[in-house]
Amino acid sequence: MVDDQGGKGDKIPFMQQLLDNPFLLLCIGIVMPTVFYLIWGIMEVISIPLAN
Amino acid sequence: MANDTQFRTCPDTGLKIHLPAEKLIKTNAVVAVVFLLVGGLFGLSVALTRWPAVHFLPADWFYLALTAHGLDVLLVWIIFFEMAILYFASAILLGCRLAAPKLAWVGFWLMLVGAVMTNVVVLMGESSVMFTSYVPMQADPLFYLGIILFAVGALLCCCCFFGTLVIAKNEKTYEGSVPLVTFGAITAAIIAVFTIASGAIILIPTLMWSVGLVSYIDPLMYKVVWWAMGHSSQQINVSAHVAVWYLIAAVIFGAKPLSEKVSRTAFLLYILFLQLGSVHHLLVEPGLSSEYKIFNTSYAMYLAVLASMIHGLTVPGSIEAAQREKGFNKGLFEWLRKAPWGNPAFSGMFLSLVMFGFLGGITGVILGTEQINLIMHNTLYVPGHFHGTVVAGTTLAFMAVTYLLVPLIFRKEILFPKMAQWQPYVFAIGVTGLSVFMMGAGTLGVPRRHWDITFTDAAMSFDFPGAAYLMLGLNGVSAVVASLGGAMFIIVVVGSLLFGKTKGEAAPAPAAEAPPTTAAAQYGSAAHLEVPGTFALAMVFLVSFVLYYFVNWKYLAETWGLS
Ligand code: HEM
Ligand SMILES: [Cu+2]
């Protein structure tokens, strides 16, 4: 009763469209950690100067 | 539509059950439990070795057992069980056929072959590299190959899961949005895909290195990419066990989430931020910048912690709401006192929730704080923390849901109901001890993964305070209790499957109201929203959290005295 399914004929709200689309969520769930964790981390490791 | 002979209707719950999916759920769950037994025995032997008065295993066997323990429980038990959950949350809860059961079986066999292969090479010695297998320690190539096969198998199972979602949508087996439990499973599956991809990125080159095709792997690079798998895999567990909490609350109480929106948004926060927390494993690496560390473990991670606190609030909240609707309205806590504490599915689930929050959650934030991490990094505090998350949280939740699956999916009555009734309590007491005493020893500086803290043959000696030895002894005792609780679980489950009375297929007299399970298979929030008891509990949690957080800053401040 608190949140019903966007009422008949209403436009489905953006958040609900997002939450109802597992493949979009899958993309987000892969892009976020790939960018902020993996790519950023790998860039940091690569930019450590080599000892000589 | 699929052939209707492939379905049965559950006489207890009214759920429409796809038989091939049911068979997969059974098989995955049974294999999972077998590996829990094997891995648990290794855990017991490790704990007995760390008990100085017992010092059970010789050094080489200790590291072998520790490797096997980590792999068998953390990877094999949990992920096999999660595959069963994925099939349940898709095919069964959506009342639809499972996509590509053949592919799911290929996945199952890859996982099984991989798990057995890794176990065999570990048992042969020469691969005691711990489950983290940090380079330049090198294991047998089959060690890495086994894990890769296991991961590929799990990926195939995730594909079947996503395929089933598509089928359910196309065949309109549900209306509107998927149920919340399924949404939690989607979260778990998404994190699983990232986990497995990261595992492939790091383990395939490592496999090539172990056979000599690659000459060098940078240790820091290895750690960064490996933890994308190692940490994320823990977040599959969190998402899955939170979904299980909602499931059990729905099945036992007919509880509906306080707000579908809020709970789903919390899962979305998991999808967005949980995996970034991987950096907490790298907090003492000198090569990485503070910006990287702090962005990922603080700003981003706190949003994921927030999500866990939301679930920790809304799951008991939904139970309170359901109980109050039934008239358990006296005082703050009648709803909780009158809960079915003798039902192991409920008691296991509730203990899992409380212990995950207090033991695993609070300490996780402590470890994830860059500054205070320093006083605990690589001490026994770390295993103490994650036995609070992955054992008290995930394993106990999975045990609890097994008490529902045995009658529902296996159609067997629980054998030894008295033992089943006690089992969650015994296990919880043991695991609480494991967690608390390992953390206690860790706070005193006792290292993790260490065979001999007396340093008998070491060139430089070091004496730990007597309290550290006491902690390790108490830890050993707790390990025995936890193992007893684990053994009770195995006896009840295996006994019920082999010798339990098969439940009749005849439908019971039609119930006046819809069976409570329907709450698990539908979208919809609770009508009753006043949950003062839950808020009181949440306040207790927050106060403990804040106090403990500052106590640890105090410890840190004492490390370098100012005078
Ligand atoms: C009877 C139950 C269990 C007992 C007695 C037990 C005991 C222990 C002990 C004493 C350690 C060693 C800490 C060290 O020396 O560094 C350990 C490590 C570990 N345990 Fe458990 N444990 C149990 C169940 C579990 C379960 C169910 C899981 C996972 C779901 C788990 C996951 C782990 C992991 C990942 C490690 C770290 C291994 C490593 O450092 O490589 N344990 N356990
Ligand atoms: Cu982690």
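Residues numbered from 1 in each chain as written. Chains lettered and ligands numbered in written order. Predicted model: local features only at pLDDT ≥ 70, side-chain atom pairs only at ≥ 80, totals over all residues. Heavy atoms only, no water.

## Section: the confidence of the model for chain A
Stage number 1. Residues with a pLDDT of 70 or more make up 81% of chain A, whose mean pLDDT is 84.
Stage number 2. Across residues 1-7 of chain A the pLDDT falls below 50, and counting only partners more than four positions away or on other chains, this stretch makes 17 contacts in the model. (pLDDT = per-residue confidence, 0-100. Contact = heavy atoms within 4.5 Å.)

## Examining the coordination of the iron atom of ligand 1
Residues and elements named next belong to chain B.
Stage number 1. At 2.0 Å from the iron atom of ligand 1 lie its protein donor atoms, namely His69 (NE2) and His387 (NE2).
Stage number 2. One way to put it: the six donor atoms around the iron atom of ligand 1 meet at angles of 86 to 180°, and that makes the site octahedral. Separated by 318 residues along the polypeptide, His69 in helix α2 (residues 59-92) and His387 in helix α12 (residues 381-408) bring together distant segments of the chain. The same class applies to His69 and to His387, which are both buried. (Donors = N, O, S within 2.8 Å, 3.2 Å for Na, K, Ca; no water. Tetrahedral: all angles 85-135°; square planar, octahedral: opposite > 155°, others 65-115°. Helix = DSSP H or I, 4+ residues; strand = E, 2+ residues; numbered from the N terminus. Buried < 20%, exposed > 50% of the residue type's maximum accessible area, 1.4 Å probe, protein only.)

## Here we look at the coordination of the copper ion (ligand 2)
Stage number 1. At 2.0 to 2.1 Å from the copper ion (ligand 2) lie its protein donor atoms, namely His231 of chain B (ND1), His280 of chain B (NE2) and His281 of chain B (NE2).
Stage number 2. Along the chain, the residues that donate to the copper ion (ligand 2) are spaced as H-x48-H-H.

## A closer look at the state of the cysteines
Residue and element names in this part refer to chain B.
Stage number 1. Within this structure, the stated rule accounts for zero disulfides over all chains.
Stage number 2. Left without a disulfide partner, Cys10 is nearest to the cysteine sulfur of Cys96, which lies 17 Å away.
Stage number 3. According to the relative accessible area criterion, Cys10 is buried, its value standing at 2%.
Stage number 4. Among the cysteines around Cys157, which has no disulfide bond, Cys160 carries the closest sulfur, lying 6.2 Å off. (Disulfide = S-S within 2.5 Å.)

## Quick look at the interface of chain A and chain B
Stage number 1. Between chain A and chain B, the contact holds 29 residues from the first and 46 residues from the second.
Stage number 2. Each partner contributes to the roughly 3100 Å² buried at the junction of chain A and chain B, and carbon and sulfur atoms together form 74% of this total.
Stage number 3. Linking chain A with chain B are zero salt bridges, by the criterion used here.
Stage number 4. Counting the contacts that link chain A with chain B gives seven residue pairs in polar contact (both at pLDDT 80 or more).
Stage number 5. When residues of the side of chain A that touches chain B are traced back to their parent elements, those giving at least two are α1 (14-19) and α2 (22-46) of chain A.
Stage number 6. No other element matches α2 of chain A, which puts 19 residues into the side of chain A that touches chain B.
Stage number 7. Of the residues assigned to the side of chain A that touches chain B, the class counts are 21 nonpolar, five polar and three charged. (Buried area = accessible area lost by both parts, 1.4 Å probe. Salt bridge = Lys/Arg side-chain N within 4 Å of Asp/Glu carboxyl O. Polar contact = N/O pair within 3.5 Å; in protein donor to acceptor, adjacent residues only side chain to side chain. Nonpolar A, V, L, I, M, F, W, Y, C, P; charged D, E, K, R; others polar.)

## Remarks on the pattern of salt bridges
All names here are of chain B.
Stage number 1. Using the criterion set out here, one finds eleven salt bridges over all chains in the structure.
Stage number 2. Between Lys223 and Glu285 there is a salt bridge whose closest N-O contact spans 2.6 Å. With Lys223 in helix α6 (residues 219-253) and Glu285 in the loop between α7 (260-273) and α8 (290-325), this residue pair connects regions lying 62 residues apart in the sequence. Glu285 shares its class with Lys223; the two are buried.
Stage number 3. For Glu413, the salt bridge goes to Lys501, with nearest N and O atoms at 3.8 Å.

## With respect to helix α3 (residues 101-123) of chain B
Residue and element names in this part refer to chain B.
Stage number 1. When the terminal C-alpha atoms of α3 are compared, their 33 Å separation across 23 residues agrees well with the 33 Å that a helix rising 1.5 Å per residue should span.
Stage number 2. Those residues of α3 lying buried are Ala104, Gly107, Phe108, Met111, Leu112, Gly114, Ala115, Thr118, Asn119, Val121 and Val122.
Stage number 3. Those residues of α3 that are buried lie in contact with α1 (19-50), α2 and α4 (141-170).
Stage number 4. Looking at the residues trailing α3, positive phi occurs at Gly125, about 85°. (Expected span 1.5 Å × (residues − 1).)

## Re the packing of aromatic side chains
Where two aromatic rings form a pair, the distance of their centres and the angle of their planes describe that pair.
Residue and element names in this part refer to chain B.
Stage number 1. Tallied over the full model, the rule gives 35 aromatic pairs over all chains.
Stage number 2. Between Trp245 and Phe356, the aromatic rings sit 5.8 Å apart at their centres with planes inclined by 70°, giving edge-to-face as the arrangement. Within this pair, whereas Trp245 is found in helix α6, its partner Phe356 is found in helix α10 (residues 344-367), the two being separated by 111 residues in sequence. With respect to burial, Trp245 and Phe356 carry one shared label: buried.
Stage number 3. Grouped by ring-pair contacts, the aromatic residues Phe35, Phe80, Trp105, Phe108, Trp109 and Phe150 constitute a single cluster.
Stage number 4. For Lys16, the ring lying beneath its charged end belongs to Phe7, and the centroid distance is 4.5 Å.
Stage number 5. Note that Lys223 overlies the ring of Tyr134, its terminal NZ or CZ placed 4.8 Å from the centroid. (Phe/Tyr/Trp six-rings, centres within 6.5 Å; stacked < 30°, edge-to-face > 60°. Lys NZ or Arg CZ within 6 Å of the ring centre and 35° of its normal.)

## Some thoughts on the site of ligand 1
All names here are of chain B.
Stage number 1. With respect to spatial proximity, 25 residues lie near ligand 1, and among them Arg50, His69, His387, Arg448 and Arg449 are the closest.
Stage number 2. Interatomic distance of 2.7 Å between a side-chain N/O atom of His69 and a nitrogen atom of ligand 1.
Stage number 3. Between ligand 1 and His387, the relevant distance is 2.8 Å, taken from a nitrogen atom to a side-chain nitrogen or oxygen of the residue.
Stage number 4. Looking at the shell around ligand 1, the elements with two or more residues in it are α1, α2, α12 and α14 (466-499).
Stage number 5. Across the shell around ligand 1, the residue classes tally to 17 nonpolar, five polar and three charged. (Near = heavy atom within 4 Å.)

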